[in-house]
Amino acid sequence: YFENHATIDFISKKRFILPVLLTLTLISVSLYVKTNNSHSQFYLLPFRFFELSIWGLAAILMLYKQFFFRYKLIILSFTLAILLVGLPIQYSIFQIPLICILTVLLLITKDSNKRFAVILENKLLVSIGKISFSIYMWHPFLLAFIRYFVVQELTISIVLIIFLITILLSVITYLLIETPFRNKKIISNRM
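First things first, this report covers the structure right here in the doc. As a convention, each chain's residues are numbered from 1 in the sequence order in which they are written. Totals for whole chains, interfaces and linings use every residue, but because this is a predicted model, local features are given only for residues with pLDDT of at least 70 and side-chain atom pairs only at 80 or more, for both listing and counting. Note: side-chain values were computed over all heavy atoms of the structure, leaving out hydrogens and water.

### Remarks on the overall build of the protein chain
We count a stretch as a helix when DSSP gives it H or I for four or more residues in a row; a strand needs E for two or more, and each element gets its number in order from the N terminus. For the protein chain, the helix and strand inventory stands at 9 helices and 2 strands. Using a 1.4 Å probe on the protein chains alone, a residue whose accessible area is under 20% of its type maximum counts as buried, one over 50% counts as exposed, and one in between counts as partly exposed. Taken across its 191 residues, the protein chain has 28% of its residues classed as buried. We call two residues in contact when some of their heavy atoms are within 4.5 Å. Put simply, of all contacts in the protein chain between residues at least 6 apart along the chain, 64% involve residues at least 24 apart. Accessible surface computed for the protein chain: about 14500 Å², of which carbon and sulfur atoms make up 71%. Areas reported here follow the Shrake-Rupley algorithm with a probe of radius 1.4 Å; residue values treat only the protein chains shown as occluding.

Below, the structure written as structure tokens:
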């Protein structure tokens, strides 16, 4: 992703980017952890900024160095355990920041074990990864629309239909919006 020397030159010239992004990330995590207002935690950008900025920090670090970790399977197992089971405490404020950090570590590290690549680099998971932002954007809208205008109670069949519609809309969005916007020949960075 970061073979473009212009990006490296830009980051090198703008040395303030890393400290500013790190500072904003730490402020956001502090706000998220210290507030008791669950609505603020969920809806307001200052409380959730760290979820995006952690990726920005990882991208900057990856410009300069590849990270190798022999125990990537441990990170994957721990991340899945937190997602599926949660932390031992019924509700832990640290669960989301921990999942964000573990996911970044999982995705930015290289592992020399080729067998592990079969798990995360197979075509199905890569395809889901490509449309994941669209899935993230479509699913709450569809769930809210269905609950307000179609049915009050979600059954398994309705959830399955919502899932299929979400995937279909996500593929369309990825192909018609995301992909063209990533093509610098069609839409320049300045535009």
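### Concerning the packing of aromatic side chains
Within 6.5 Å between ring centres, the rings of Phe, Tyr and Trp (the latter by its six-membered ring) count as paired, and their orientation is classed by plane angle as stacked under 30 degrees, edge-to-face over 60, tilted in between. This model, assessed by the stated rule, comprises 6 aromatic pairs. An aromatic cluster is built from W138, F141, F145 and F149, whose rings are joined through pairwise contacts. Lying over the aromatic face of F42, R48 brings its terminal NZ or CZ to 5.0 Å of the ring centre. Cation placement over rings: the criterion is NZ of Lys or CZ of Arg within 6 Å of the ring centroid and within 35° of the ring normal.

### Some remarks on a nonpolar patch on the surface
Residues enter a patch when their relative accessible area is above 30% and they make no salt bridge; the linking distance is 9 Å between like charges and 5 Å between nonpolar side chains (Val, Leu, Ile, Met, Phe, Trp, Tyr). Salt bridge criterion: a side-chain nitrogen from Lys or Arg within 4 Å of a carboxyl oxygen from Asp or Glu. Among the surface-exposed residues, L168, V171, I172, L175, L176, I177 and F181 lie close enough to one another that they form a single nonpolar patch of about 690 Å² accessible area. Residue placement: I172 occurs in helix 9 (residues 156–182).

### A word on the environment of L52
Assignment of secondary structure puts L52 in helix 4 (residues 45–64). Note: C-alpha distance between L52 and T25 (27 residues apart in sequence) is 8.8 Å.

### Focus: the nonpolar core
Within this scheme, the nonpolar core is defined by two criteria: the residues are buried Ala, Val, Leu, Ile, Met, Phe, Trp, Tyr or Cys, and they are joined through side-chain atoms within 4.5 Å. If you look at the biggest cluster of nonpolar residues, it comprises 9 residues: Y32, F50, I54, A58, M62, I93, C100, V104 and I108. Where this core is concerned, the elements lending two or more residues are helix 4 and helix 6 (95–108). The leading source of residues in this core is helix 4, at 4 residues. Counting 6 residues, the second largest nonpolar core, distinct from the first, contains L76, I82, I99 and L102.

### Description of the environment of K34
Among the secondary structure elements, K34 is positioned in helix 2 (residues 17–34). Between the C-alpha atom of K34 and that of F47, which follows or precedes it by 13 residues, the distance is 9.8 Å.

### Observations concerning the pattern of salt bridges
Proximity of charged atoms lets side chains of opposite charge pair with each other. For the structure on display, the rule yields 2 salt bridges. As a salt-bridge pair, R48 and E51 come within 3.0 Å of each other at their nearest N and O atoms. Of this pair, R48 and E51 both sit in helix 4, 3 residues apart, which is roughly one turn of that helix. One exposure class covers both R48 and E51, and it is buried. In this structure, R182 engages E178 in a salt bridge whose closest nitrogen and oxygen atoms are separated by 3.1 Å.

### Looking at the packing of helix 5 (residues 72–84) against helix 6
Angles run from 0 to 180 degrees between N-to-C directions of axes, and those axes are lines fitted to C-alpha atoms, restricted for helices to the stretch in contact. Interaxial distance between helix 5 and helix 6 falls to 10 Å at its minimum, and their mutual angle equals 150°. In terms of orientation, helix 5 lies roughly antiparallel with respect to helix 6. Considering only the axes of helix 5 and helix 6, their crossing is left-handed. Residues K72, I75, L76, F78, T79, I82 and L83 of helix 5 pack against Q95, L98, I99, L102, T103, L105 and L106 of helix 6. Its residues assigned to classes, the contact of helix 5 with helix 6 shows 10 nonpolar, 3 polar and 1 charged. Should an angle fall under 35 degrees it is taken as roughly parallel, and over 145 as roughly antiparallel, whereas 65 to 115 is taken as roughly perpendicular and any remaining angle as oblique. By definition, turning the near helix anticlockwise from the far helix through less than a right angle yields a left-handed crossing, and turning it clockwise yields a right-handed one. Note on residue categories: nonpolar means Ala, Val, Leu, Ile, Met, Phe, Trp, Tyr, Cys or Pro, charged means Asp, Glu, Lys or Arg, and polar means any other residue, Gly included.

### Observations concerning helix 5
Taking 1.5 Å of rise per residue, 13 residues should cover 18 Å, and helix 5 covers 18 Å from first to last C-alpha, within 8% of that figure. Buried within helix 5 we find K72, I75, L76, T79 and I82. Projected down its long axis, helix 5 shows its buried positions confined to an angular sector of 130°, all on one face. Away from its buried face, by an angle of more than 90 degrees, helix 5 presents the exposed residues I74 and L84. Here a helix's expected span is defined as the number of its residues, less one, multiplied by 1.5 Å. Think of it as the arc spanned by the lines of direction from the helix axis to the C-beta atoms.

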